[in-house]
Amino acid sequence: MTQARNIGSKFSDSNNNTAYGSNAFASNTSGTYCVAVGLSALNKNTTGTQNTAIGNQTLENVTTGSYNTALGSQSLRLTTTGNWNTAIGEGAMYNNTIGIQNVAVGNGTLNANTTGIQNTAVGYTALNKLTIGVENVAVGKGTLYNLTTGRSEEHTSELQSRLHLVCRLLLE
């Protein structure tokens, strides 16, 4: 198997991996079906499979995590073993380490998440301080920004405009 080390041009191998960028996909041993584009994208991936990292330092620290998608500089940067996460936007889910099945769309969304499970944040800095929450949904700029753990108000989701709360839903 060919390994990508400090590459600055296209790279592909027999395990259906593709990389482009300095230090992209540099540590792979047996990961398959991965795409890494950008400086240090998927840099520490060893056995993770079906990860997609596009942007500088995206999924940089993932080792065995699989089925993650990161689009935007430093999104999912600290993820190591987390699975099935999707982060779109600069710094989205930056601190995620082992969290699973989270979705973050927007710069700084779910930024502090480390071990959260099944959280969804859409909008600039939504759920920004959440670290270990479960099944939270936040839509709108800064929604549930200060929530740090647990579920939001007994599993409540908020939808807000730039200035006002538009809707609060109790999910059961």
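Since we're looking at a predicted model, the values are computed, not measured.

**Describing the overall build of the chain**
Here comes step 1: The helix and strand tally for the chain stands at zero helices and 11 strands.
Here comes step 2: Listed by position from the N terminus, the elements making up the chain come as β-β-β-β-β-β-β-β-β-β-β.
Here comes step 3: Looking at the chain alone, contacts between residues at least 24 apart form 1% of all its contacts between residues at least 6 apart.
Here comes step 4: Taken as a whole, the chain presents about 7800 Å² of accessible surface, with 54% of it coming from carbon and sulfur.

**Some words on the packing of aromatic side chains**
Here comes step 1: Counted according to the given criterion, the structure contains one aromatic pair.
Here comes step 2: Ring centres of Tyr-67 and Trp-84 lie 5.7 Å apart, and the angle between their planes is 5°; this geometry places the pair in the stacked category. Here Tyr-67, found in the loop between strand S4 (52–54) and strand S5 (69–71), pairs with Trp-84, found in the loop between S5 and strand S6 (86–88); they are 17 residues apart in sequence, far enough to count as distant.
Here comes step 3: Residue classification places Tyr-67 among the partly exposed positions, given a relative accessible area of 36%.
Here comes step 4: Using a relative accessible area of 45% as the deciding quantity, one classes Trp-84 as partly exposed.

**A short note on a nonpolar patch on the surface**
Here comes step 1: A cluster of nonpolar residues, Tyr-20, Val-37, Ile-54, Leu-71, Ile-88, Val-105 and Val-122, forms a patch on the protein surface that exposes about 490 Å² of accessible area.
Here comes step 2: In this fold, Leu-71 is placed in strand S5.
Here comes step 3: Overall, the relative accessible area of 40% leaves Leu-71 in the partly exposed class.

**A few points about the pattern of salt bridges**
Between side chains of opposite charge, a pair can form when the charged atoms approach closely.
Here comes step 1: Considering all chains together, one arrives at one salt bridge under this definition.
Here comes step 2: One salt bridge in this structure joins Glu-60 and Arg-77, with 2.6 Å as the shortest N-O distance. One end of the pair, Glu-60, is in the loop between S4 and S5; the other, Arg-77, is in the loop between S5 and S6, with 17 residues separating them in the sequence.
Here comes step 3: Residue classification places Arg-77 among the buried residues on the basis of a relative accessible area of 17%.

About the thresholds
- Residues numbered from 1 in each chain as written.
- Predicted model: local features only at pLDDT ≥ 70, side-chain atom pairs only at ≥ 80, totals over all residues.
- Heavy atoms only, no water.
- Helix = DSSP H or I, 4+ residues; strand = E, 2+ residues; numbered from the N terminus.
- Contact = heavy atoms within 4.5 Å.
- Areas by Shrake-Rupley, 256 points an atom, 1.4 Å probe, with all protein chains shown as cover.
- Phe/Tyr/Trp six-rings, centres within 6.5 Å; stacked < 30°, edge-to-face > 60°.
- Buried < 20%, exposed > 50% of the residue type's maximum accessible area, 1.4 Å probe, protein only.
- Patch = residues over 30% accessible without salt bridge, like charges linked within 9 Å, V, L, I, M, F, W, Y side chains within 5 Å.
- Salt bridge = Lys/Arg side-chain N within 4 Å of Asp/Glu carboxyl O.

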